[in-house]
Amino acid sequence: MSLEIKPITPILGAEVSGVDLSRPLSNAEFDAVHRAFVTHSLLVFRDQNLSPEAQIEFSRRFGPLMVHVLKGANLEDHPEIYRVSNVKKDGKTQGRSYAGQYWHSDLTYEPRPSLGSLLYGLEVPEFGGDTLFASTAHAFETLSPTMQAMLDGLTAEHHFAHAFRGGANPAARKGDPLDERPPVRHPVVRTHPETGRKCVFVNEGFTVRIIELEPKESEAVLGFLCQHMTRSQVVLRHRWRTGDAVLWDNRALVHRAVDDYGDDQPRHMHRTTIEDTD
Ligand SMILES: O=C(O)CCC(=O)C(=O)O
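As the structure is a prediction and not an experimental result, all values here were calculated from the model.

Draft legend 1. Quick look at the sheet that holds strand S14 (residues 236-238). What the 3 strands build is an open sheet, ordered S14-S8-S16; its pairing is antiparallel. Since the sheet does not close on itself, it has two edges, and those belong to S14 and strand S16 (253-257), each with one partner. Neighbouring strand axes in the sheet, compared pairwise and without regard to direction, differ in orientation by 20° on average. Pairing between strand S8 (residues 131-135) and S16: 5 bridges, direction antiparallel. Paired with Ser135 across the two strands is Leu253, which belongs to S16.

Here it is as structure tokens:
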């Protein structure tokens, strides 16, 4: 079966068929996947059967893997796999339940944030539990030149604790090791190293403030940017099927999960997170 790439929306996303990620990809196959990843920012691979080892091996071809700060959610034998799960074993949840219920890009609270993430659905709800994605490059390109010039050169503070301290969803706060990571600073506009496109690099989850602005200005600008990036007409909504592996570019997108399902609907996912070494 040959590799096929079908775009999902005019702005982002493509479905890739003809690839079995459970076995090592040839260099030619990997190059085609890599090109599609850079072009579309998000790739959906259906009907995969991925062991932790295979997921790690495929993800590592993009760069070194990061270990999530919430260690209890990582797979014991494979700490590079972060579990997003509401499934309980011996009364204990198997990973982080209802993770990411706010727009974010993964691990922007780290000094070196993430290049991309691969989320693999082992068990998904019959309905609900979709994931939403929006392009930060498209967001920048649809701002006025005056706004673009104002943002370019600014710096923002990102903090892991922000998502849990009422910055986003207060319900997600309980029991998280809030101070594991000190605040870090990143440019508000970053140039994607592979596409050359400028991307807005702030998010609702982890961005606390824009350093160079007064607090009220910062709040207003961040609020506007988050709203602008995630307008309904630019959002891709991924409806999960068991066996889906979704790879996204954290340098070019923000995403959020939707907790419209309950614990009676098991949702169990394995995520690998690739480091941005540029
Ligand atoms: O569960 C999801 O759909 C996404 C979770 C999330 O935000 C993440 O893995 O970063």
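Draft legend 2. Just the site of the ligand, in detail. The full set of residues close to the ligand is Val84, Ala99, Gly100, Asp106, Leu119, Thr131, His255, Ala257, Met269 and Arg271. Mapped by element, the contributors of at least two residues to the shell around the ligand are S16 and strand S17 (268-275). Among the residues making up the shell around the ligand, the classes are represented as 5 nonpolar, 3 polar and 2 charged.

Draft legend 3. Region of interest: the nonpolar core. Counting residues in each nonpolar core, the largest one holds 61 residues, and the members touching the most others are Leu42, Leu43, Val188, Val200, Ala245 and Leu253. The element contributing the most residues to this core is helix H5 (residues 215-229), with 5 residues.

Draft legend 4. Quick peek at the pairing of strand S4 (residues 82-85). Here S4 shows two buried faces, one formed by Tyr82 and Val84 and the other by Arg83 and Ser85. In terms of strand pairing, S4 meets S17 through 4 bridges, oriented antiparallel. Pairing of Arg83 across the sheet is with His270, part of S17.

Draft legend 5. Expanded view of the sheet that holds strand S13 (residues 207-210). Taken in spatial order, the 3 strands of this open sheet run S10-S9-S13, and their pairing is antiparallel. Unpaired on one side and paired on the other, strand S10 (184-187) and S13 mark the two borders of the sheet. Looking at each pair of strands side by side, their axes are set apart by 30° on average, direction ignored. Relative to S10, strand S9 (residues 155-158) is paired through 4 bridges, and the arrangement is antiparallel. Residue pairing in the sheet places Ala156 in a bridge with His186 of S10.

Draft legend 6. Spotlight on H5. Along its 15 residues, H5 runs 21 Å from first to last C-alpha, staying within 8% of the 21 Å computed at 1.5 Å per residue. Against S8, helix H3 (136-141), strand S12 (198-200), S13 and S16 lie the buried residues of H5.

Draft legend 7. Structural detail: helix H2 (residues 52-60). Buried within H2 are the following residues: Gln55, Phe58 and Ser59. When H2 is viewed along its axis, its buried side chains cluster within an angular range of 100° and face the same direction. For H2, the secondary structure elements touched by its buried residues are strand S7 (114-123) and S17.

What counts, and at which threshold
Residues numbered from 1 in each chain as written. Predicted model: local features only at pLDDT ≥ 70, side-chain atom pairs only at ≥ 80, totals over all residues. Pairing = 2+ DSSP bridges. Helix = DSSP H or I, 4+ residues; strand = E, 2+ residues; numbered from the N terminus. Axes fitted to C-alpha atoms, helices over the stretch in contact; angles between N-to-C directions. Near = placed C-beta within 6 Å. Nonpolar A, V, L, I, M, F, W, Y, C, P; charged D, E, K, R; others polar. Core = buried A, V, L, I, M, F, W, Y, C linked by C-beta atoms within 7 Å. Buried ≥ 20, exposed ≤ 12 C-beta atoms within 10 Å, placed from the backbone. Expected span 1.5 Å × (residues − 1). Contact = placed C-beta atoms within 7 Å. Arc of directions from axis to C-beta.

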